[in-house]
Amino acid sequence: MEITKISEGNYSTLLGMNGGTVESPDGKRIIYARKESLDESTTEIYVCGSDLKNHRKIYTVDCGNHNGPSATFITDSLVVFRGSEGGLPYFVIMDADTGEIKYKIRAKESHCAENGKYPFSLSKSFLGLNGGYPEIDGCGIYILDVMSGKISRAASEDDILDMVRSHGLTPTEHTAEVSHVQLNPSATAVMMRLSVKECPVFGALGCIDLLTGATHVIPDKPVHQLWFDDDTYIATRQFYDGSKIECETSYIARFTKDGEELEVLGGIANHTDASFDRQWFAGDRCYPNYAPNVYLYRRGSKDAATVFDVPQNEETTWKKQVHPNPSFSRDGKRLYFNRQTTDGRCEAVFADILGIVG
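Residues numbered from 1 in each chain as written. Predicted model: local features only at pLDDT ≥ 70, side-chain atom pairs only at ≥ 80, totals over all residues. Heavy atoms only, no water.

A. Summary view of the overall build of the protein chain. The secondary structure content of the protein chain amounts to three helices and 27 strands. Its C-alpha radius of gyration of 19 Å places the protein chain within 12% of the 21 Å reference for a compact globule of 358 residues. Buried positions account for 56% of the 358 residues belonging to the protein chain. For the protein chain, long-range pairs separated by at least 24 residues make up 47% of all intrachain contacts whose partners lie at least 6 apart in sequence. Per element, the accessible surface of the protein chain, about 14300 Å² overall, is 45% carbon and sulfur. (Helix = DSSP H or I, 4+ residues; strand = E, 2+ residues; numbered from the N terminus. Rg over C-alpha atoms; globule rule 2.2 N^0.38 Å. Buried < 20%, exposed > 50% of the residue type's maximum accessible area, 1.4 Å probe, protein only. Contact = heavy atoms within 4.5 Å. Areas by Shrake-Rupley, 256 points an atom, 1.4 Å probe, with all protein chains shown as cover.)

In structure tokens form, the structure reads like this:
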């Protein structure tokens, strides 16, 4: 099946986190990143038409290769991406049409916005760095309403530590430094990855209901979790054999907020995504000593409907931290991913999967 490069040139291009909204809601534009070299931090943010015309640079940041600048669309014109200053990240929400910066906040970014709300997290390193936002006055998880500008704290550091302890787990010095913060589709619950003493390999997955305050924690969580719907997750179940995480036994499944496995969704995977109708699933074989191929699965089958080959280059995958990170288009007709090359570059690409998914 044909793979199409988003941009042609003697440079690297990158897409963001798995499950990110690469396309604008109307499906007319794509956001991606460009680097002259994966060994450099200077990263340019580009927007182009979904027909791959009218490529336009909108901003320049410093960032690594892992998830690139995590650039996604929020509305047809608003985009969000991250950068780094003084060794600490920030995120920018910008109008891609006018170039106006709506918000710039020093914090740990999230996957994407839901219902016009963008969550982010703050650890001690960021305290005092957001003088223009007096609402950001302590560690924890915050939610920004991108239209009104209102910022509210969803959970304090104490809330996070109390949640971990209430579920019988032991916090570490990094527990409150949560990552992979994500709102469910209705923006009524927020989940986050947690460091806890009992789970040194996979960590734990926490969730807070923003309406009731109820909490949920999954110890030794499935990995690269995303929301399946308002109440359940899609994630990869992985197994650790004492020396490495196994590739062959991994699979994509659906889980409750307390970790009960509800159904198998696909086969071998690491980073995953689901089509918007939740009938198709993608995962990459991003494991050491394997080519990080991308698999497309019909819901419920561990046998791939098709496989997209990605060249094996261990240095690019692990030293330079370039992962395929598959993401579906909003209409389910394309599958976007990062495809590394044999010469140490990366190409942001997509495959037209309409002929498979119908």
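B. Structural view of the pattern of salt bridges. This structure, assessed with the given rule, holds 21 salt bridges. Between R299 and E263 there is a salt bridge, with its nearest N and O atoms 2.6 Å apart. Linking R299 in the loop between β23 (294-298) and β24 (306-308) with E263 in strand β20 (residues 261-266), this pair joins segments that are 36 residues apart in sequence. With relative accessibility at 21%, the residue E263 sits in the partly exposed group. Note that R345 is salt-bridged to D343, the shortest N-O span being 3.3 Å. (Salt bridge = Lys/Arg side-chain N within 4 Å of Asp/Glu carboxyl O.)

C. Focus on the sheet that holds strand β2 (residues 12-14). Read across the sheet, four strands follow the order β2-β3-β4-β5 without closing on themselves; strand pairing throughout is antiparallel. Each end of this open sheet is capped by a strand with a single partner; those strands are β2 and β5 (56-62). Strand-to-strand twist of the sheet, defined as the mean angle between neighbouring strand axes without regard to direction, takes the value 30°. Across six bridges, the pairing between strand β3 (residues 29-35) and strand β4 (residues 42-49) is antiparallel. Within β4, the residue paired with R29 across the bridge is G49. (Pairing = 2+ DSSP bridges. Axes fitted to C-alpha atoms, helices over the stretch in contact; angles between N-to-C directions.)

D. Structural detail: helix α1 (residues 157-166). Along α1, the positions that sit buried rather than exposed are I160, L161, M163 and V164. Projected down its long axis, α1 carries its buried residues within an arc of 155°, all on one side. Facing away from the buried surface of α1 by more than 90 degrees, the exposed residues are D158 and S166. Lining the buried residues of α1 we find β11 (140-145), β12 (151-156), β14 (189-194), β15 (204-209) and β16 (215-219). Where α1 terminates, the next one or two residues include G168, which has phi positive at roughly 80°. (Arc of directions from axis to C-beta.)

E. Up close: empty space enclosed by the protein. Under the criterion given, the structure shown has two cavities of 30 Å³ or more. Quantified by volume, the largest cavity comes out at close to 40 Å³. Together, L15, G16, M17, G20, V22, A71, T72, N325, S327 and Y336 line the largest cavity. Class assignment for the residues of the lining of the largest cavity results in five nonpolar, five polar and no charged. One number sums up the size of the second largest cavity: a volume of about 30 Å³. Lining the second largest cavity we find L14, L15, G16, I31, Y32, A33, P69, S70 and A71. With three residues, the single largest contributor to the lining of the second largest cavity is β3. Grouping the amino acids of the lining of the second largest cavity by side-chain chemistry returns seven nonpolar, two polar and no charged. (1 Å grid on protein atoms, 1.4 Å probe; cavity = no way out; pocket = protein on both sides within 12 Å on 5 of 7 lines; lining within 4 Å. Points joined across faces, edges and corners; volume = space filled by probe spheres on them. Nonpolar A, V, L, I, M, F, W, Y, C, P; charged D, E, K, R; others polar.)

F. Looking closely at the sheet that holds strand β6 (residues 72-73). With antiparallel pairing, the four strands of this open sheet are ordered in space as β6-β7-β8-β9. The open sheet terminates on both sides in strands that have one partner only, identified here as β6 and β9 (101-105). Pairing of β6 with strand β7 (residues 78-85), which is carried by two bridges, proceeds in the antiparallel orientation. The partner of T72 across the bridge, within β7, is V80.

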